[in-house]
Amino acid sequence: MTGEIAVVLGASGGIGGALVEVLRQGLRFDHVAALSRGKPRDWVDDDRATWLAADILDEVSLASAAQRIGALGAPTFIIVATGMLHGDGVTPEKSLRALDPRALTTLFQVNAIGPALAARYLLPLTPRDRVSVFAALSARVGSIEDNALGGWYGYRASKAALNMLIRTAAIEHRRDHPLGVCVAIHPGTAATALSAPFLSNRSRDQVFSEQTAAGHVIRVLDGLGPSDSGRFYAWDGSTIPW
Ligand SMILES: NC(=O)c1ccc[n+]([C@@H]2O[C@H](COP(=O)([O-])OP(=O)(O)OC[C@H]3O[C@@H](n4cnc5c(N)ncnc54)[C@H](OP(=O)(O)O)[C@@H]3O)[C@@H](O)[C@H]2O)c1
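Residues numbered from 1 in each chain as written. Predicted model: local features only at pLDDT ≥ 70, side-chain atom pairs only at ≥ 80, totals over all residues. Heavy atoms only, no water.

Things to note about the overall build of the protein chain
Part 1: Scanning the protein chain from N- to C-terminus turns up five helices and seven strands.
Part 2: The C-alpha radius of gyration computed for the protein chain amounts to 17 Å, which stays within 12% of the reference 18 Å derived for 242 residues, consistent with globular compactness.
Part 3: Expressed as lengths along the three principal axes of its C-alpha atoms, the size of the protein chain is roughly 55 × 40 × 35 Å.
Part 4: Expressed as a percentage of its 242 residues, the buried residues of the protein chain come to 49%.
Part 5: Within the protein chain, counting contacts between residues at least 6 apart in sequence, those at least 24 apart form 67% of the total.
Part 6: With an accessible surface of roughly 11800 Å², the protein chain has 53% of that area assigned to carbon and sulfur atoms.
Part 7: On the protein chain, the mean spot of the 23 positive side-chain charges and the mean spot of the 23 negative ones are 4 Å from each other. (Helix = DSSP H or I, 4+ residues; strand = E, 2+ residues; numbered from the N terminus. Rg over C-alpha atoms; globule rule 2.2 N^0.38 Å. Buried < 20%, exposed > 50% of the residue type's maximum accessible area, 1.4 Å probe, protein only. Contact = heavy atoms within 4.5 Å. Areas by Shrake-Rupley, 256 points an atom, 1.4 Å probe, with all protein chains shown as cover. Lys, Arg positive; Asp, Glu negative; His and termini not counted. Charge placed at Lys NZ, Arg CZ, Asp CG, Glu CD.)

So, the pattern of salt bridges
Part 1: For the structure shown, the criterion picks out eight salt bridges.
Part 2: Asp 222 is the partner of Arg 28 in a salt bridge, and the nearest nitrogen-oxygen pair spans 2.1 Å. With Arg 28 in the loop between helix H1 (14–25) and strand E2 (31–36) and Asp 222 in helix H5 (residues 210–222), this pair connects stretches of sequence that are 194 residues apart.
Part 3: Classification of Arg 28 by relative accessible area gives partly exposed; the value is 43%.
Part 4: A relative accessible area of 39% means that Asp 222 is categorised as partly exposed.
Part 5: In this structure, a network of salt bridges that share partners links the residues Glu 4, Asp 129 and Arg 130. (Salt bridge = Lys/Arg side-chain N within 4 Å of Asp/Glu carboxyl O.)

Points about the site of the ligand
Part 1: Taken together, the neighbourhood of the ligand is formed by 27 residues, with Ser 12, Gly 14, Thr 82, Tyr 155 and Thr 192 sitting nearest.
Part 2: Side-chain polar atom of Asp 55 to a nitrogen atom of the ligand: 2.9 Å apart, as the coordinates give it.
Part 3: Within the backbone of Leu 137, one N or O atom sits 3.3 Å away from an oxygen atom of the ligand.
Part 4: Protein chains shield 87% of the accessible area of the ligand, which is 890 Å² for the free molecule.
Part 5: Contributing elements (two or more residues each) for the shell around the ligand: H1 and helix H4 (153–176).
Part 6: When the residues that make up the shell around the ligand are grouped by side-chain class, the tally is 12 nonpolar, 12 polar and three charged. (Near = heavy atom within 4 Å. Polar contact = N/O pair within 3.5 Å; in protein donor to acceptor, adjacent residues only side chain to side chain. Nonpolar A, V, L, I, M, F, W, Y, C, P; charged D, E, K, R; others polar.)

Here's the deal with unusual backbone geometry
Part 1: The backbone phi angle of Asp 42 is positive, close to 65°, even though this residue is not glycine.
Part 2: Note that Asp 42 resides in the loop between E2 and strand E3 (49–53).
Part 3: The exposure class of Asp 42 is exposed, given its relative accessible area of 72%.
Part 4: Backbone geometry places Trp 152, a non-glycine residue, at a positive phi of 55°.
Part 5: Relative to the assigned elements, Trp 152 resides in the loop between strand E5 (132–137) and H4.

Structural notes on helix H3 (residues 101–122)
For the α-helix, the turn length of 3.6 residues means that residues three or four positions removed from each other point alike.
Part 1: With 22 residues, H3 ought to run about 32 Å at 1.5 Å a step, and its terminal C-alpha atoms sit 30 Å apart, in line with that.
Part 2: Of the positions making up H3, those classed as buried are Ala 103, Leu 107, Val 110, Asn 111, Ala 112, Gly 114, Pro 115, Leu 117, Ala 118, Ala 119, Tyr 121 and Leu 122.
Part 3: Buried residues along H3 sit against strand E1 (5–9), helix H2 (59–72), strand E4 (75–80), E5 and H4.
Part 4: For H3, the side-chain oxygen to backbone nitrogen distance between the N-cap and Arg 102 is 2.9 Å, and the N-cap itself is Asp 100. (Expected span 1.5 Å × (residues − 1).)

Structure below.
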């Protein structure tokens, strides 16, 4: 297969699923590789999109997905839309007393180590002779400088770790891919399973639909060039301090 290839990891998620749909319906990419642990509901492969199984914490599955993507072509747009805020044994902590090493480990695995492994296996697939974008969905609360409220220790710290991993990967990536862009991006608050338990105090106009959040992310990434690599962006295109 030739043509422009986009890759979305976390295709079963709220924002990830919407990213796949927006990219699949747009004209810019000839093919979208949609990666997730389980097949998204109602998924059907067609000539515009292929689903591939991938667990970001399982290197064998990432290597196998990378091989399948490489056979499609060199991807120029890769978005890691996986992540976790709450789940089995994981609840955002309001105080130090609530810290649980197992929950912290899980958050670091899913939010920092997994996306770093995705970069390890997928960044080398990007072309050297054209601009490409690799982006990981981070969160503004992962900004150390922006942290005025406290709380959410594990989520904040795992996203701060993700940010450092992305910044470090960007420095290495530009050495052999000078046209490559590698960034972290905050998608804004979007109505998904991840945010659902925490939206009660927010007015509707502060919360984006999954489709709107996906559209914002794509618009910002579309506007980036090689000199923008290694930064942390917000959904509106502004930069966020690390
Ligand atoms: N929603 C918001 O308001 C908001 C705000 C700021 C930042 N973000 C960030 O945006 C990203 C997407 O969030 P979302 O709201 O779309 O969340 P979501 O709907 O809960 O989706 C999370 C995705 O992560 C995947 N995932 C978790 N662990 C995985 C693993 N080990 N291997 C592969 N996939 C795994 C899930 O896959 P399964 O279906 O297999 O579980 C799911 O596809 C996250 O990084 C989040 O931190 C979201």
